[in-house]
Amino acid sequence: MSAQIIDGKALAARVLDKVSEAVEELKRKHGLTPGLAVVLVGDDPASRVYVRAKGRRTTEAGMKSLEYLMPADATEDELLARVRALNENPDVHGILVQLPLPGHIDTEKVINAIAPDKDVDGFHVINAGRLMTGQKALVPCTPRGCVLLARQARDDLTGLEAVIIGRSNIVGKPLGQLLLNENCTVTIAHSRTRDLPDVARRADILVAAVGRPRMVKADWIKPGATVIDVGINRIPAEEEGKTRLVGDVDFAGAAEVAGAITPVPGGVGPMTIAMLLRNAVEAACMQNSLPLPKALADI
Ligand code: GUN
């Protein structure tokens, strides 16, 4: 069997079109321009690339983009002061503090200083609690993207066995809740899970979010399963001195067994920024007591 390749780049482009449509409607009907602020501490090259891409996409979607670059030796108090100023700024509807932060800063403290209704990452403990208890929440972007990708392969996820490998607060745990909301039977597996390949083989939807290159092999996959690969791992390429990106799934083997699979790159990755902008629109609506524009109804 040869799997359907789920095209995350194309899906992200469709989501961004819907976000632009929603922004246009908010401007036209309510004079509201959603604003997204991104704070970067230090000059980690990968983070700089992400932040630049986020800023570009935000502007392309018709939203206001604000970027705050702080030096690597900025203190925790300075960063907290920046976050509090953004909390108070009515033109800013979404705040994202780029992770990882330098070691001298308490990440949890900074995330929980963001106003929950501006927390477009959905990392604040209030949003985690709201998601867990079925209340209206800003939901982490990558898990939200994973569900949309899975729905490309199967319209209705009801009753399916979902196995997530990885229990992080950013992906595994919130994704478990989202798939539960889709009426899946959810297992969250992790590094201490016994007989991991056997557990993975139960999955109709298998999500790999562990950060270990090509860990999930073809014989871990139930024939016809939908495989969502969250991993982005940089490994040495065949060509001397070069590197390449691979996922947590051994793609070539897995694609022979799965019914549908996301590639790396071009699967989950592009969805994360698209969902971030979607969340920024939702945050702007919440703060202005407006319903979410219809363009974003199923996203
Ligand atoms: N660093 C890498 N990805 C992310 C993300 O989705 N949100 C934040 N805040 N930092 C990141």
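In this text, all values refer to a predicted model and were calculated from it rather than measured experimentally.

Asker: What exactly am I supposed to notice about the side chain of Asn279 here?
Answerer: Structurally, the position occupied by Asn279 is in helix α10 (residues 268–287). In contact with Asn279, not counting residues within four places along its chain, are Val120, Leu138, Val139, Cys141 and Arg144.

Asker: Before we go on, may I ask you to explain unusual backbone geometry in this structure?
Answerer: Backbone phi values are negative for most residues with the exception of glycine, while trans is the configuration of most peptide bonds. Residue Leu99 is joined to Pro100 through a cis peptide bond whose omega torsion reads 0°. Relative to the elements of secondary structure, Pro100 occurs in the loop between β4 (94–97) and α4 (107–111). Put simply, Val264 and Pro265 share a cis peptide bond, and its omega is -5°. By secondary structure assignment, the location of Pro265 is in the loop between β11 (260–261) and α10. Non-glycine residue Asn183 carries a positive phi angle of around 70°. Note on placement: Asn183 falls in the loop between α7 (172–181) and β6 (185–189). For Ser289, which is not glycine, the phi torsion reads 50° and is therefore positive.

Asker: Teacher, can you tell me more about the pairing of strand β8 (residues 226–229) here?
Answerer: Residues in a regular strand point their side chains to alternate faces of the sheet. The alternating pattern of β8 places Thr226 and Ile228 and Val227 and Asp229 on opposite faces, both of which are buried. Bridge analysis of strand β7 (residues 205–208) against β8 gives four bridges, and the strand direction is parallel. The residue of β8 that forms the bridge with Leu206 is Val227.

Asker: Even after reading the chapter, I still don't get the environment of Ile5, so can you show me in this structure?
Answerer: Structurally, Ile5 can be placed in strand β1 (residues 4–5). Along the chain, Ile5 and Ile261 lie 256 residues apart, while their C-alpha atoms are 5.2 Å from each other. Apart from the residues within four sequence positions on either side, Ile5 is in contact with Phe251, Ile261 and Pro263.

Asker: How do you make sense of the nonpolar core when you look at a structure like this?
Answerer: Most often, soluble globular proteins have nonpolar side chains that are buried together. Residues Val19, Leu36, Met63, Leu179, Ile228, Met271 and Val281 are the most contacted members of the largest nonpolar core, which totals 58 residues. Among the secondary structure elements, those contributing two or more residues to this core are α1 (8–30), β2 (35–41), α6 (141–153), β5 (161–165), α7, β7 and α10. The element best represented in this core is α10, accounting for eleven residues. Beyond its immediate stretch of four places on either side in the chain, Val281 contacts Val19, Ala22, Val23, Leu26, Met63, Pro293 and Leu296.

Conventions we followed
- Residues numbered from 1 in each chain as written.
- Predicted model: local features only at pLDDT ≥ 70, side-chain atom pairs only at ≥ 80, totals over all residues.
- Heavy atoms only, no water.
- Helix = DSSP H or I, 4+ residues; strand = E, 2+ residues; numbered from the N terminus.
- Contact = heavy atoms within 4.5 Å.
- Buried < 20%, exposed > 50% of the residue type's maximum accessible area, 1.4 Å probe, protein only.
- Pairing = 2+ DSSP bridges.
- Core = buried A, V, L, I, M, F, W, Y, C linked by side-chain atoms within 4.5 Å.

Function-wise, these values are silent; they only describe arrangement.
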